[in-house]
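Examination of the molecular architecture
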Amino acid sequence: QVQLVESGGGLVQAGGSLRLSCAASGRTFSMYAMAWFRQAPGKEREFVGGINWRGTYYADSVQGRFTISRDNAKNTVYLQMNSLKPEDTAVYYCAAKRDYVSRRISEYDYWGQGTQVTVSS
């Protein structure tokens with residue numbers, strides 16, 4: 001069983017930066033692929049990016065602006081968001097699954113409660 005807790009959301013102006021954190025419980029954190037998803041009002045939840053031992057993967061919409069990293073010693077994954085745009089406004093969720101990163105929501109076994117990111121124009 002893995003529990004995920006996100007933090008770091010907030011209100012930021014367009015062009016600004018935020019760093020989200022996702023703290024995970026459990027002793028086998030390094031074995032999990034970790035991903036970030038987001039859901040804007042009235043829209044479906046979408047893949048933002050993910051990380052496992054093979055590397056990092058990003059949605060086209062955030063490539064070059066967002067960076068995912070992890071600290072296995074701290075059981076934490078991060079999402080550094082730069083050059084934020086109003087369209088990045090959403091609730092951001094951390095998710096975990098074994099092995100490889102997937103862009104499919106249904107493949108993730110564990111989810112955090114989400115953290116709100118609001119980007120003002």
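Above this note sits the structure.
The rules behind these values
- Residues numbered from 1 in each chain as written.
- Predicted model: local features only at pLDDT ≥ 70, side-chain atom pairs only at ≥ 80, totals over all residues.
- Heavy atoms only, no water.
- Helix = DSSP H or I, 4+ residues; strand = E, 2+ residues; numbered from the N terminus.
- Buried < 20%, exposed > 50% of the residue type's maximum accessible area, 1.4 Å probe, protein only.
- Polar contact = N/O pair within 3.5 Å; in protein donor to acceptor, adjacent residues only side chain to side chain.
- Contact = heavy atoms within 4.5 Å.
- Core = buried A, V, L, I, M, F, W, Y, C linked by side-chain atoms within 4.5 Å.
- Disulfide = S-S within 2.5 Å.
- Pairing = 2+ DSSP bridges.

With that settled, consider the side chain of Arg38. You can see Arg38 is positioned in strand 4 (residues 32-39). Take Arg38: its relative accessible area is 6%, and that puts it in the buried class. Polar contacts involving the side chain of Arg38 include one to the side chain of Glu46, which spans 2.6 Å. Of the polar contacts made by the side chain of Arg38, one reaches the side chain of Asp88; its length is 2.9 Å. With sequence-adjacent residues up to four places away left out, Arg38 is seen in contact with Glu44, Arg45, Glu46, Val48, Ser61, Val62, Phe66, Glu87, Asp88, Ala90, Val91 and Tyr92.

This next bit is on the nonpolar core. Ranked by size, the top nonpolar core spans 37 residues in total, and within it Leu4, Met34, Trp36, Val77, Leu79, Met81 and Tyr92 carry the most contacts. Of all the secondary structure elements, the ones that give two or more residues to this core are strand 3 (18-24), strand 4, strand 5 (46-52), strand 7 (66-71), strand 8 (76-81), strand 9 (90-98) and strand 11 (115-120).

This structure, assessed with the given rule, holds one disulfide. There is a disulfide in this structure between Cys22 and Cys94, and the S-S distance comes to 2.1 Å. Taking the sign of the torsion about the S-S bond as the criterion, the disulfide between Cys22 and Cys94, at about -80°, is left-handed. Here Cys22 is found in strand 3, whereas its partner Cys94 is found in strand 9, with 72 residues between them in sequence. For the pair Cys22 and Cys94, one class covers both residues: buried.

With respect to the helices and strands, Asn75 occurs in the loop between strand 7 and strand 8. For Asn75, a relative accessible area of 16% gives the class buried. Beyond its immediate sequence surroundings of up to four residues, Asn75 is in contact with Cys22, Ala23, Ala24, Ser25, Gly26 and Phe29.

Within strand 4, seven of the eight residues are buried, leaving the element largely enclosed by the surrounding structure. One ladder, built from eight bridges, connects strand 4 with strand 9; its direction is antiparallel. For Met34, the partnering residue across the bridge sits in strand 9 and is Ala96. Pairing analysis gives five bridges linking strand 4 to strand 5, with the strands arranged antiparallel. Counterpart to Ala35 in the pairing with strand 5 is Gly50. The turn joining strand 4 and strand 5, which pair antiparallel and follow one another in sequence, is formed by six residues; a positive phi near 75° is taken by Gly42.

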